[in-house]
Amino acid sequence: MIECMPAVGPAIQAGYCFSRVHRFDDEQVRTFARAAGDENPLHHDSDFAHSTRFGGLIASGAHTTSLLMGLVGSHFAKRGHVLGMSFSVDLLYPVFATETVTLAWVVTSTSAAARRKNGSVLELEGSMKDANGRVSVLAYGRVLFDPGL
């Protein structure tokens, strides 16, 4: 990831970053997996999950990915108009149902968008890190952002 630079003024530029902390728990992991239609017992069945190499419930990839994508939408929606264009993720390590993680995004580049008068296409790199700083999920995204305010 590129280094995070504090925002100076209203402009969004390469190096702009934002983050938040999220705490998982067993019930949240079960509820999300159920809602997503993910029937993998690693997300539902404590006894089963404890008998595996993971030793307990883990969050689904859909859950971790949704939290990262949701942070992008929520963050930029407070600053203008945002539309997700593409996202991709690498699921590197399991995220346990008892973990507290840090979700973070950095703008890696911006380019003027011909489709919108004041819009820019923002390229982003994101991550979900555990309390020890290990990256469990690595993400890349592209959004159309118009400060329009």
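Residues numbered from 1 in each chain as written. Predicted model: local features only at pLDDT ≥ 70, side-chain atom pairs only at ≥ 80, totals over all residues. Heavy atoms only, no water.

Quick word on the sheet that holds strand β3 (residues 100–112)
And step 1. Strands sit in the order β1-β3-β4-β5-β2 across an open sheet of five strands; the sheet is antiparallel. In this open sheet, the two edge strands, each paired with only one partner strand, are β1 (17–23) and β2 (81–91). With direction set aside, neighbouring strand axes in the sheet form an average angle of 20°.
And step 2. For β1 and β3, the ladder comprises seven bridges, and the chain directions are antiparallel. Paired with valine 21 across the strands is threonine 102, a residue of β3.
And step 3. Across the face of the sheet, helix α3 (residues 61–77) comes into contact with β1, β2, β3, β4 (120–129) and β5 (135–146) while running at roughly 150° to β2. (Pairing = 2+ DSSP bridges. Helix = DSSP H or I, 4+ residues; strand = E, 2+ residues; numbered from the N terminus. Axes fitted to C-alpha atoms, helices over the stretch in contact; angles between N-to-C directions. Contact = heavy atoms within 4.5 Å.)

A word on the pattern of salt bridges
Side chains that differ in charge, positive against negative, can pair when their charged atoms come close.
And step 1. All chains considered together, the criterion is met by two salt bridges.
And step 2. Where glutamate 123 meets arginine 142, a salt bridge forms, and the shortest distance between an N and an O atom there is 3.4 Å. Of the two residues, glutamate 123 sits in strand β4 while arginine 142 sits in strand β5, which places them 19 residues apart along the sequence.
And step 3. Classification of glutamate 123 as partly exposed rests on a relative accessible area of 30%.
And step 4. For arginine 134, the salt bridge identified is with aspartate 130, shortest N-O distance 3.6 Å. (Salt bridge = Lys/Arg side-chain N within 4 Å of Asp/Glu carboxyl O. Buried < 20%, exposed > 50% of the residue type's maximum accessible area, 1.4 Å probe, protein only.)

Concerning the packing of helix α1 (residues 26–36) against α3
And step 1. Packing of α1 against α3 brings their axes to within 9 Å, and their N-to-C directions diverge by 95°. Put simply, α1 runs roughly perpendicular to α3. Two secondary-structure elements touch here, α1 through Gln28, Val29 and Phe32 and α3 through Ala62, His63 and Ser66.
And step 2. Tallied by class, the residues present in the contact of α1 with α3 amount to three nonpolar, three polar and no charged. (Parallel < 35°, antiparallel > 145°, perpendicular 65-115°, else oblique. Nonpolar A, V, L, I, M, F, W, Y, C, P; charged D, E, K, R; others polar.)

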